[in-house]
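An overview of the molecular structure
For reference, the chains in residue letters:
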Amino acid sequence: MTRTNTLRLLHSFFCLLFITCLPAGELRALDNGQAKTPPMGWNSWNKFACNVSEELIKQIADAMVSTGMKDAGYQYIVIDDCWQVDRDSQGNIIPDGKRFPSGIKALADYIHAKGLKFGIYSDAGTLTCQKRSGSRGYEFQDARQYAAWGVDYLKYDWCSTSTQNQQASYSIMRDALVKSGRPMVFSLCEWGSSKPWLWARDVGNLWRTTGDIQDCWDCQRDWGGMGFVHILDLQDGLESYAGPGHWNDPDMLEVGNGGMTTTEYRSHFSLWCILAAPLIAGNDIRSMSPEIAEILTNKEVIAVDQDQLGMQGRRVKREGELEVWARQLADGSRAVALLNRGTAESKISAKWSDIGYPDYLPASVRDLWAMKDLGKRTGSFSATVGSHGVVVVKIKP
Ligand code: GAL
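Residues numbered from 1 in each chain as written. Predicted model: local features only at pLDDT ≥ 70, side-chain atom pairs only at ≥ 80, totals over all residues. Heavy atoms only, no water.

1. Details of the environment of Gly245
Structurally, Gly245 is set in the loop between α8 (228-235) and β9 (247-249). For Gly245, a relative accessible area of 5% translates into the label buried. (Helix = DSSP H or I, 4+ residues; strand = E, 2+ residues; numbered from the N terminus. Buried < 20%, exposed > 50% of the residue type's maximum accessible area, 1.4 Å probe, protein only.)

Spelled out as structure tokens, the structure:
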């Protein structure tokens, strides 16, 4: 008998004893009870990079509440790279004492007292991307420390990993977090390098699918960073891998950081909601304009992102620069985004057959940005969409 056959036989035997067994080879979903809908929150990186401090994070927590972001569903406040400086002789990670004089636990308590949750960042290699101490070899010690501090979310990066294997490395930290006894959202950030959508459902709650987002419509950096439309194009085809507890992550939001127009930011935000993407704001919410706040807190568009069915939308039609993206929602309706990537105002149509309805079906249409009912349509819906703009509707039979 070959080794594989012996293993199969053993598997069947144990399945007889434990009827909960899955067929051999089937991927289990990570069952940490987290991120049943895409996580919503704020992260320091896109706007502040290494310029993080306890003062900043506390002010952001205050602004989360005062701006209505918390009421709109944003929950996690995540400090990205640079909060840590070294390890002590016992191997414990040391936070930057100048920037975080009261310590990380006190900061977590402050955030929790506001009804928000607290996230932190580390790296699967020896060093983070900004050359701070990574978690390699310290996974269980770090996870225990995070739990003691009251961390609710870990973003785990992929710099300085040499020949490490993604799945193996991220699984170690997954196990360490489980062992810590504190439920934490686990956010994988290996930039899509090993196609994590194929394996990470069992390991993390979200996984980055691309290199870093840049605050621009369509720029491309030689080191791999890219603007909104390039990231969007790379999500096409990944939709079947997402679902409650395990999401594709097209990276954090750039909405409000100044490199795009308000129209472009509305498109960026809308498409992230169609994609069931994590909504992690990356701007300075303490001083954002009313137009930016209006984008980030539009409850009807956010409801699309947070829909309980958890089905990621996809591109259903592309005619040159004009695209239709659609997403099925739990109540049987469809959220549809008409996206104009061109330079001229254009008419875009979504046919019922594009979104999985029979042509004869009458359906009501609601414009989610205008928050206005547009009446009934049969067979198709069309709208004139400005350059780089979007019209998002909910179509309900
Ligand atoms: C990158 C990551 C960014 C940010 C940065 C910090 O690898 O993709 O989102 O975390 O590292 O150094």
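Further notes follow.
2. Re the sheet that holds strand β6 (residues 153-157)
Taken together, eight strands build an open sheet; the order of strands is β9-β8-β7-β6-β5-β2-β1-β10 and the sheet is parallel. Of all the strands in the sheet, the pair left with one neighbour each is β9 and β10 (279-281). Across the sheet, the axes of successive neighbouring strands diverge by a mean angle of 25°, strand direction being ignored. Sheet topology note: the strand β5 (residues 117-123)/β6 ladder contains five bridges and is parallel. Bridge pairing links Tyr121 to Lys155 in β6. (Pairing = 2+ DSSP bridges. Axes fitted to C-alpha atoms, helices over the stretch in contact; angles between N-to-C directions.)

3. Details of the site of the ligand
Taken together, 13 residues lie around the ligand, and Asp80, Asp81, Lys155, Asp157 and Asp212 are the ones closest in. A total of 310 Å² of accessible area belongs to the ligand in isolation, and the protein chains cover 96% of it. Split into classes, the residues belonging to the shell around the ligand amount to six nonpolar, one polar and six charged. (Near = heavy atom within 4 Å. Areas by Shrake-Rupley, 256 points an atom, 1.4 Å probe, with all protein chains shown as cover. Nonpolar A, V, L, I, M, F, W, Y, C, P; charged D, E, K, R; others polar.)

4. A few points about the sheet that holds strand β11 (residues 314-319)
Taken in spatial order, the six strands line up as β11-β12-β13-β18-β15-β16 in an open sheet, and their pairing is antiparallel. Since the sheet does not close on itself, it has two edges, and those belong to β11 and β16 (372-378), each with one partner. Ignoring strand direction, the axes of neighbouring strands in this sheet form an average angle of 25°. One ladder, built from six bridges, connects strand β15 (residues 362-367) with β16; its direction is antiparallel. Within β16, the residue paired with Ala363 across the bridge is Arg377. Running at roughly 145° to strand β13 (residues 334-340), helix α9 (residues 262-274) makes contact with β12 (322-328), β13 and β18 (390-396) of the sheet. (Contact = heavy atoms within 4.5 Å.)

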